[in-house]
Amino acid sequence: MIKLKHISTIYEDDFMALKDINLEIKHGEFVSLVGPSGAGKSTLLKILTRELLANDGEAIIDGVNLAELDSDDIPFLRRKIGTVYQDFKLLSAKNAFENVAFAMEVCGASDEDINKDVPKLLSIVGLSDKANNFPHQMSGGEKQRLAIARALIHRPKMILADEPTGNLDMVNTYDIVKLLLKINELGTTIILATHNREVVNTIGKRVISMEMGKIVRDQIVQGKYII
Amino acid sequence: MNYRDTLEKIIAHGWTNFKRNSYLSIGTTGVMTLVLLLFAGLMSLNFLSTKIVESLQDKVDISVYFKTDSTEEEVMLIKKDLENNSLVKSVAYISKDKALEDFKKLHAGDPLIQESLAELSENPLQPALNIKAVDPMKFGDIVTFLEGNKFRSFIDKINYYENEAVISRVQSITNGVRNWGLIISLLLALVAIMVTFNTIRLTIYNQKNEIEIMRLVGGSNWHIRAPYLVEGSLYGILAVAVTLIIFYPVVFLISPKLGVLIPGVSLVGYFFSNAIQFILLLLVIGILLGVASSAIAIRRFLKI
């Protein structure tokens, strides 16, 4: 489903964030992307959402070469992907319901579907009673669960989570991890970028380790966070 | 989802944005109101200066004096020629008798002149034509036309040569008022447009993150942009409403005072008889400014 061939990325200040990355991720996998800050995890995710265009190499998702997408096609790529960020990236001017609904609206869903699906998903992530709250009226854990609800609402084929537990305490962290595992069981590919060793070791699935912009280790089964 | 639903939704989103950012919305609307008031003020000034220029130009004419022995028929031939000339606005004939009458009236209080006139056996004054030009700049051409006329021999003198300095002075003043008025209006309008643009840009900059998030969630450019354009046009429409509420009473108050300064000019009359055009013009300016500023400001955040 995802194929990266010889991907290299250089930032404007000549910093080489990714160096010759080769990677293949199959449908339904749960991949933990680990490594210290600055290893290139976030850059790699940005390549997949086409926030960044690789300077070299090919990134292919579902047979589509991302370099060939023009600006108008990018939204269609992103609708196949659900994204969860450390800083949540919620729309502060919209309440919980509207935040989730927005992701459906952009796909052209009808009001009827929105009014049916959004409450269902809010209840799955445990936010039924917060539907009318704005992000600033919610706790960190609640915001992250809301972000996950938004990422899931349009039934994406894969979820990219960039340090989703970075701002959360232990209890909330495990809630989120459990949620991601459950989503994965239902068939959605998950790529989780994190530097939280305990989280990675608990999950025990494929682990890709990165350092200085390179993949240094790829453990397919029962992966551990090893430095 | 059909187009009507989509449109309703976009407008609803725009209105929700406007309400939720109420402080910012009120501020932006306020700035736009000031800008529109400035436009309305410029239009008033433009109207007044045009009226002043018109009344000045109306006072400028040239007179053609005919030889005392020329007959009315001969003068009429020239008058007809002049009336057929496109440069001429109007020609008034003043006969010898009329000229004498006017002269007597003018000097009614001067016994010496009255006595002198009484002693004359015949009317010493000349018949004349008073000419007003469509464009006072073209008096020279009218004079040339007269000089080359086949009835030139009936003409005694043309007072353009005596009044040339005055005429060109009036011309330079009216041209100055027009040109400088236009330049100042354009400059102020430009400043007003930049102020509006910057205010809206700041309003949208404030929502930079939101716009980028919408892009990341998979929103198409139009889906993201449309509510902001609606919001921009709402600023415009509200600003027009506030402008009208302020402007018309002010015009109503100052118009009589201006009427005293410049007789025959009614600001109220002007703005009431052209009310529909005026309101439409403000709406076009307001909405266009709001929408265009929003569209330009949002562009750079949609690149992600």
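Every value quoted in this text rests on a predicted model; they were computed, and no experiment measured them.

The next point concerns the overall build of chain B. Regarding its fold elements, chain B presents 11 helices and four strands. When the 304 residues of chain B are sorted by exposure, 26% land in the buried category. Counting contacts in chain B only where the partners sit at least 6 residues apart, residues at least 24 apart contribute 85% of the total.

Another point: the overall build of chain A. In terms of regular secondary structure, chain A is built from seven helices and 10 strands. In chain A, which comprises 227 residues, the share counted as buried stands at 47%. In chain A, 67% of the contacts between residues at least 6 apart in sequence involve partners at least 24 apart.

Each partner contributes to the interface: chain B provides 13 residues, whereas chain A provides 17 residues. Of all elements in the fold, only helix 1 (3-20) and helix 8 (208-217) of chain B reach the threshold of two or more residues within the side of chain B that touches chain A. Here the side of chain B that touches chain A takes five residues from helix 8 of chain B, the largest share from any one element. For the side of chain B that touches chain A, a count of residues per class yields six nonpolar, five polar and two charged.

Residue and element names in this part refer to chain A. Among the six residues of strand 8 (residues 189-194), six are classified as buried, and the element is accordingly described as predominantly covered. Alternating residues of strand 8 divide into Thr189, Ile191 and Ala193 and Ile190, Leu192 and Thr194, and every residue in both groups is buried. Pairing geometry for strand 3 (residues 30-34) and strand 8, over five bridges, is parallel. Bridging across to strand 8, Val34 finds its partner in Thr194. Pairing of strand 7 (residues 158-162) with strand 8, which is carried by five bridges, proceeds in the parallel orientation. Counted as the bridge partner of Ala161 is Leu192 from strand 8. Handedness of the crossover joining strand 7 and strand 8 through helix 6 (residues 170-185): right-handed.

Residues and elements named next belong to chain B. Strand order in this open sheet of four strands is 2-3-1-4, and the pairing throughout is antiparallel. Since the sheet does not close on itself, it has two edges, and those belong to strand 2 (88-94) and strand 4 (155-158), each with one partner. Taking the axes of each pair of neighbouring strands and ignoring which way they run, one obtains an average angle of 20° across the sheet. Pairing of strand 1 (residues 62-66) with strand 4 involves three bridges; the strand directions are antiparallel. The residue of strand 4 that forms the bridge with Tyr65 is Lys157.

A few words on helix 1 of chain B. All names here are of chain B. Here helix 1 contains 18 residues, and its C-alpha end-to-end distance of 26 Å stays within 8% of the 26 Å for a straight helix at 1.5 Å per residue. Turning to helix 1, its buried residues are His13, Gly14, Asn17 and Phe18. For helix 1, the arc enclosing every buried residue in end-on projection is 135°, short of the 170-degree limit, so these residues lie on one face. Counted as exposed and oriented over 90 degrees from the buried face of helix 1: Arg4, Asp5, Glu8, Ala12 and Lys19. Elements that come into contact with the buried residues of helix 1 comprise helix 2 (22-58) and helix 9 (221-261).

All right, on to the environment of Ser8 of chain A then. Residues and elements named next belong to chain A. Relative to the assigned elements, Ser8 resides in strand 1 (residues 2-10). For Ser8, a count of 15 C-beta atoms within 10 Å gives the class partly exposed. Not counting residues within four places of it along the chain, the set of residues in contact with Ser8 comprises Met16, Leu18, Lys19, Asp20, Ala54, Asn55, Asp56 and Gly57.

The subject of this paragraph is the confidence of the model for chain B. With 99% of its residues at a pLDDT of at least 70, chain B reaches an overall mean of 83. Interface confidence for the predicted complex, given as ipTM, is 0.81, next to a pTM of 0.68.

Further remarks concern the packing of helix 5 (residues 140-152) of chain A against helix 6 of chain A. Residues and elements named next belong to chain A. Look at helix 5 against helix 6: their axes get within 10 Å of each other, and the N-to-C directions meet at 15°. With respect to helix 6, the axis of helix 5 lies roughly parallel. Of the two possible hands of crossing, helix 5 and helix 6 adopt the one that is right-handed. Contact residues: Gly140, Gly141, Gln144, Ile148 and Leu152 in helix 5; Asn172, Asp175, Ile176, Leu179 and Ile183 in helix 6. Grouping the amino acids of the contact of helix 5 with helix 6 by side-chain chemistry returns five nonpolar, four polar and one charged.

In terms of nonpolar packing, the biggest core is built from 78 residues, with Leu33, Val100, Ala149, Ile190 and Ile191 of chain A touching the most fellow members. Among the elements that line this core, the one with the most residues is helix 3 (residues 96-105) of chain A, at seven residues. Residues Met32, Val35, Val240 and Leu282 of chain B belong to the second largest nonpolar core, which totals 17 residues.

Looking now at the environment of Ser86 of chain B. Following the sequence through the fold, Ser86 of chain B ends up in the loop between helix 3 (72-83) and strand 2. The class for Ser86 of chain B is exposed, based on 7 C-beta atoms found within 10 Å.

Next up on the list: the sheet that holds strand 1 of chain A. Pairing between the strands of a sheet is mediated by backbone hydrogen bonds and can be parallel or antiparallel. Residue and element names in this part refer to chain A. One open sheet accounts for four strands, arranged 2-1-4-5; its pairing is antiparallel. Taken across any chain shown, the strands that pair with only one partner, and hence form the sheet edges, are strand 2 (16-25) and strand 5 (64-65). Alignment of strand 4 (residues 56-61) against strand 5, held across two bridges, turns out to be antiparallel. Looking at strand 5, one finds that Ile60 is bridged to Asn65.

Residue and element names in this part refer to chain B. Annotation from UniProt places "transmembrane region" (unreviewed entry) at residues 21-45, 180-200, 234-255 and 275-298. The annotated region residues 180-200 carries 100% helix and 0% strand content, and the separation between its end C-alpha atoms amounts to 30 Å. Between the end C-alpha atoms of residues 234-255 the distance is 31 Å, and the span holds 100% helix and 0% strand.

About the criteria used
- Residues numbered from 1 in each chain as written.
- Chains lettered and ligands numbered in written order.
- Predicted model: local features only at pLDDT ≥ 70, side-chain atom pairs only at ≥ 80, totals over all residues.
- Helix = DSSP H or I, 4+ residues; strand = E, 2+ residues; numbered from the N terminus.
- Buried ≥ 20, exposed ≤ 12 C-beta atoms within 10 Å, placed from the backbone.
- Contact = placed C-beta atoms within 7 Å.
- Nonpolar A, V, L, I, M, F, W, Y, C, P; charged D, E, K, R; others polar.
- Pairing = 2+ DSSP bridges.
- Right-handed = clockwise from strand over helix to strand, strands pointing away.
- Axes fitted to C-alpha atoms, helices over the stretch in contact; angles between N-to-C directions.
- Expected span 1.5 Å × (residues − 1).
- Arc of directions from axis to C-beta.
- pLDDT = per-residue confidence, 0-100.
- Parallel < 35°, antiparallel > 145°, perpendicular 65-115°, else oblique.
- Left-handed = near helix turned anticlockwise from the far one by under 90°.
- Core = buried A, V, L, I, M, F, W, Y, C linked by C-beta atoms within 7 Å.
- UniProt positions renumbered as here; feature names shortened; annotations may be inferred.

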